[in-house]
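# Structure at a glance
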Amino acid sequence: MVPGARRVARVDRGAVLLVPDGALHAPEVHVEPVRVGLDHDGLVPGPDGERTAPTVGDLVVVGERADGTAVVTALVRRRSALVRDSAGGTSRTQVMAANVDVVLVAEHLDPDPDLGRIERLLVLAWRSGARPVVVLTKADLVPDPSGLAAEVREVALGVDVHVVSAGCGEGLDPLRALLAPDVAIVLVGPSGAGKSTLVNALAGAPVMETGERRADGRGRHTTTHRELVPLGHGAMLIDTPGIRGVGVVADEDALDATFADVEALAKGCRFADCAHGREPGCAVRAALDDGSLPERRFDSWQRLGREMAFQARRADAALAAQDRARVKKQARAYRSRTRPPA
Ligand SMILES: Nc1nc2c(ncn2[C@@H]2O[C@H](COP(=O)(O)OP(=O)(O)OP(=O)(O)O)[C@@H](O)[C@H]2O)c(=O)[nH]1
Ligand SMILES: [Mg+2]
Ligand SMILES: [Zn+2]
């Protein structure tokens, strides 16, 4: 805990909604978030002075404006950050949640779980610095939840995989066990996975709205903003809107952690720079041929690796452009200072 700091429960155009950080209030006491304004640009000085957009889970310090109104004056260094690459041709990344301890990757068992999506979210989770955990929802809708869970465990190496039926309140104990005081857990996953239903089940109260997806399967997300829900005993849950596509940010360690099996195989290839195509002595190709490494998993690993390389180049190009712009601006300022008066 940082003395005096408060948690961002929600970001809302030009302001943040704050709750006490880890305050051990009685469970029956409902915390009403306090709305505090931001500077006009919506940014707050971070620990290294750089101006940063606060996000849900952030710890911030509140001060006073000259007119006596409250304003966020500082952002505490983040000990973890769940970052996605936002779509489009820019190098923008988005911090989905900060200072979380666990990234709970939620995926439904009905329809069938999407293994590629789980892998993608695990890369994001490993990169965040928080601990990834997978929760498979809607167990009550399928005949063989443990069979499906076994398939998911094969792609979630070193990660606990829990099976729940939040609607009926079944399988929640291992998740409750994670909710120690001061622990923050963010839920991520597709729309309709049952993230908000799970938040309500764990909170023991209908704090988040839940809903059916439209019959045509298009559009509607029930949860439309990210929100931190403080639980009675000091733990926190962060609910997020369903993700459709989420871009990964370059991070070799996160890719290695997620695909430890493929990485281990690749170390056994004869050539250090093996492309796992038709090279002799390729251990990856051998595992694909004998079926011990599924093609799907290999493709997923390659795709995410390529995407990361692309993201890194894009980020570099944007940085270079920023540098050029800064130099230009400085040069302009210099010229205007040194220009002889007309
Ligand atoms: N049968 C069954 N239905 C569930 C379960 N969990 C959630 N649902 C239902 O699934 C639907 C979607 O649940 P939500 O909790 O709103 O899903 P979400 O992941 O928060 O979706 P977004 O907010 O759009 O991202 C709702 O109608 C829930 O009642 C479950 O364990 N079993
Ligand atoms: Mg929701
Ligand atoms: Zn190889």
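Reading guide: rules and limits
- Residues numbered from 1 in each chain as written.
- Chains lettered and ligands numbered in written order.
- Predicted model: local features only at pLDDT ≥ 70, side-chain atom pairs only at ≥ 80, totals over all residues.
- Heavy atoms only, no water.
- Donors = N, O, S within 2.8 Å, 3.2 Å for Na, K, Ca; no water.
- Helix = DSSP H or I, 4+ residues; strand = E, 2+ residues; numbered from the N terminus.
- Buried < 20%, exposed > 50% of the residue type's maximum accessible area, 1.4 Å probe, protein only.
- Domains from an automatic or database assignment.
- Contact = heavy atoms within 4.5 Å.
- Buried area = accessible area lost by both parts, 1.4 Å probe.
- Salt bridge = Lys/Arg side-chain N within 4 Å of Asp/Glu carboxyl O.
- Patch = residues over 30% accessible without salt bridge, like charges linked within 9 Å, V, L, I, M, F, W, Y side chains within 5 Å.
- Areas by Shrake-Rupley, 256 points an atom, 1.4 Å probe, with all protein chains shown as cover.
- Lys, Arg positive; Asp, Glu negative; His and termini not counted.
- Charge placed at Lys NZ, Arg CZ, Asp CG, Glu CD.
- Phe/Tyr/Trp six-rings, centres within 6.5 Å; stacked < 30°, edge-to-face > 60°.
- Tetrahedral: all angles 85-135°; square planar, octahedral: opposite > 155°, others 65-115°.
- Pairing = 2+ DSSP bridges.
- Axes fitted to C-alpha atoms, helices over the stretch in contact; angles between N-to-C directions.

Surrounding the magnesium ion (ligand 2) are the protein donor atoms S196 (OG) and T223 (OG1), which sit 2.0 to 2.1 Å from the metal. Residue S196 is located in helix α4 (residues 195-203), and its partner T223 is located in the loop between α4 and β14 (227-230); the two are separated by 27 residues in the primary sequence. Exposure class is identical for S196 and T223. Each is buried.

The subject of this paragraph is the domain arrangement of the protein chain. Quite often, the size of an interface is put as the accessible area lost when its parts meet. Split by domain assignment, the protein chain resolves into domain 1 (6-75) and domain 2 (81-239). Averaged C-alpha coordinates put domain 1 and domain 2 at centres separated by 25 Å. Listed as interface residues are 18 residues of domain 1 and, on the opposing side, 19 residues of domain 2. With both sides pooled, the region where domain 1 packs onto domain 2 buries about 1300 Å², and carbon together with sulfur makes up 59% of that total. When the buried area of domain 1 at its contact with domain 2 is split by residue, R7, R10 and V56 rank highest and sum to 37% of it. Between domain 1 and domain 2 we count 1 salt bridge in total. One salt bridge in this structure joins E227 and R10, with 3.8 Å as the shortest N-O distance.

Residues D110, D112, D140, D144, E151, E154 and E170 make up a contiguous surface patch of negative charge. As for its position among the elements, E154 is in helix α2 (residues 145-155). By relative accessible area, which is 57% here, E154 ends up exposed.

What the rule picks out here adds up to 1 aromatic pair. Centre to centre, the rings of F298 and W301 are 5.9 Å apart; their planes meet at 40°, and the pair counts as tilted. Residue F298 and its partner W301 are located together in helix α8 (residues 295-338), separated by 3 residues, close to a single helical turn. The exposure classification of F298 matches that of W301, with both residues buried.

Below, the discussion takes up the coordination of the zinc ion (ligand 3). Protein coordination at the zinc ion (ligand 3): the donors are C269 (SG), C274 (SG), H276 (ND1) and C282 (SG), at 2.1 to 2.3 Å from the metal. Coordination geometry of the zinc ion (ligand 3): the 4 donor atoms subtend angles of 103 to 117° at the metal centre, consistent with an arrangement described as tetrahedral. Donor residues for the zinc ion (ligand 3) sit on one chain with the sequence pattern C-x4-C-x1-H-x5-C. Using a relative accessible area of 10% as the deciding quantity, one classes C274 as buried.

This next bit is on unusual backbone geometry. Note that the residue after D110, namely P111, is joined by a cis bond; omega there is -5°. Note that P111 resides in the loop between β10 (102-108) and α1 (115-128). The backbone of K138 shows a phi angle near 65°, a positive value even though the residue is not glycine. Looking at the secondary structure, you find K138 in the loop between β11 (131-137) and α2.

With that out of the way, let us pick up the sheet that holds β14. In space, the 6 strands of this open sheet follow the order β12-β11-β10-β13-β15-β14, with mixed pairing throughout. Each edge of the open sheet is held by one strand with a lone partner, namely β12 (160-163) and β14. Between one strand axis and the next, the sheet turns through 25° on average, direction left out of account. In this sheet, β11 lies alongside β10 in parallel orientation, the contact comprising 7 bridges. Bridged to V102 within β11 is R131. Along the sheet, α1 contacts β10, β11 and β13 (184-188); its crossing angle with β10, the most-contacted strand, is approximately 175°. Sitting on the sheet, α2 touches β11 and β12, and the angle it makes with β12 is about 160°.

Most of strand β2 (residues 15-20) sits inside the fold, with 5 of its 6 residues counted as buried. As paired strands, strand β1 (residues 6-12) and β2 are joined by 6 bridges and run antiparallel to one another. Bridge assignment links R7 to a residue of β2, and that residue is V19. One ladder, built from 4 bridges, connects β2 with strand β3 (residues 34-37); its direction is antiparallel.

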